[in-house]
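What follows is the residue order along each chain.
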Amino acid sequence: LKRFPGSRLISLEHDAVWYAHTLEMLHDSGLEEVVELRFAPLTTVALGSETFSWYSSEAVADAAGIDAVFVDGPPGHIGSLSRYPAGPLLAPMCSPGCLFIVDDIVRSDEQEMVTRWTREIGMLHIEEHVWYGKGASVLQVGDSGGANGQ
């Protein structure tokens, strides 16, 4: 991202200890100016008839033109499909072609989430890799961006 001025990478963390640890790692790596790490406590989010514990909407209220989303939380023990809200809530804030990278793709919740995002939001599932028993999937927001690509 350092080679592409204007690109954005926003990371949300709900746990204060992990927030501080991640901020330190970003600083040590010289990436604190590239990655926008935001503290975002979990709140109840309603999507249709479903409710989820997901990051505070205030943490992304000013987000627009997002180019990459790394989905590695909230933790699975928070609830079923705990990471699902990332798609419907963040896709409208994304630039055309934004990439969503989903960690832990070997878990059934993440597989269901990716399937739902492709069906419900129109994301394109472009790649999947499994290593060390975890793996990741890469999805892409449509050419017209999240707001119009749904």
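Procedures and definitions
- Residues numbered from 1 in each chain as written.
- Predicted model: local features only at pLDDT ≥ 70, side-chain atom pairs only at ≥ 80, totals over all residues.
- Heavy atoms only, no water.
- Helix = DSSP H or I, 4+ residues; strand = E, 2+ residues; numbered from the N terminus.
- Rg over C-alpha atoms; globule rule 2.2 N^0.38 Å.
- Buried < 20%, exposed > 50% of the residue type's maximum accessible area, 1.4 Å probe, protein only.
- Contact = heavy atoms within 4.5 Å.
- Areas by Shrake-Rupley, 256 points an atom, 1.4 Å probe, with all protein chains shown as cover.
- Lys, Arg positive; Asp, Glu negative; His and termini not counted.
- Charge placed at Lys NZ, Arg CZ, Asp CG, Glu CD.
- 1 Å grid on protein atoms, 1.4 Å probe; cavity = no way out; pocket = protein on both sides within 12 Å on 5 of 7 lines; lining within 4 Å.
- Points joined across faces, edges and corners; volume = space filled by probe spheres on them.
- Nonpolar A, V, L, I, M, F, W, Y, C, P; charged D, E, K, R; others polar.
- Expected span 1.5 Å × (residues − 1).
- Polar contact = N/O pair within 3.5 Å; in protein donor to acceptor, adjacent residues only side chain to side chain.
- Pairing = 2+ DSSP bridges.
- Salt bridge = Lys/Arg side-chain N within 4 Å of Asp/Glu carboxyl O.

Of regular secondary structure, the chain possesses three helices and eight strands. Of the regular secondary structure in the chain, the N- to C-terminal order runs β-α-β-β-β-β-α-β-α-β-β. Here the C-alpha radius of gyration of the chain, 15 Å, is about what a compact globule of 150 residues would show, namely 15 Å. Judged by the C-alpha coordinates and their principal axes, the chain covers about 40 × 35 × 35 Å. Evaluated residue by residue, the chain yields a buried proportion of 41% over its 150 residues. Counted over contacts in the chain with a minimum sequence separation of 6, partners at least 24 positions apart contribute 65%. Accessible surface computed for the chain: about 8,200 Å², of which carbon and sulfur atoms make up 54%. The centroid of the 9 positive side-chain charges in the chain is displaced by 2 Å from the centroid of its 21 negative side-chain charges.

Moving on, we get to the layout of surface pockets. Within this model, the largest pocket holds a volume of roughly 640 Å³. Residue lining of the largest pocket: 27 residues in total, with S11, L12, E13, F70 and D72 positioned closest to the centre. Mapped by element, the contributors of at least two residues to the lining of the largest pocket are β1 (9–13), α1 (16–29), β2 (35–39), β4 (50–55), β5 (66–71) and α2 (86–90). Along the lines of polarity and charge, the residues of the lining of the largest pocket split into 20 nonpolar, four polar and three charged.

Attention shifts here to α1. Counted at 1.5 Å a residue, the expected span for α1 with its 14 residues is 20 Å, and the 20 Å between its end C-alpha atoms agrees. If you check the start of α1, you find a side-chain oxygen 2.9 Å away from the backbone N of V17, and it comes from D15.

Take the side chain of R38 next. Looking at the element boundaries, R38 is found in strand β2. Among the polar contacts listed, one links the side chain of R38 to the side chain of E36, at a separation of 2.6 Å. There is a polar contact of 2.7 Å between the side chain of R38 and the side chain of D62.

So, about the pairing of strand β3 (residues 42–47). For β3 and β4, the ladder comprises six bridges, and the chain directions are antiparallel. Residue pairing in the sheet places T43 in a bridge with W54 of β4. The turn joining β3 and β4, which pair antiparallel and follow one another in sequence, is formed by two residues; a positive phi near 60° is taken by G48.

What follows is about the pattern of salt bridges. According to the stated counting rule, one finds 12 salt bridges in the structure shown. Salt bridges here are not isolated pairs; linked through shared partners, they connect D72, R83, D103, D104, R107, E110 and K134.

Tracing the backbone through its elements, the reader meets R83 in the loop between β5 and α2. Side-chain polar atoms of R83 contact the backbone oxygen of D72, separated by 3.3 Å. A distance of 3.4 Å separates a polar atom in the side chain of R83 from a polar atom in the side chain of E110. Excluding residues that lie within four positions of it along the chain, R83 makes contacts with W54, V71, D72, G73, P74, P75, D103, D104, R107, E110, M113 and W117.

Read these as spatial facts, not as claims about activity.
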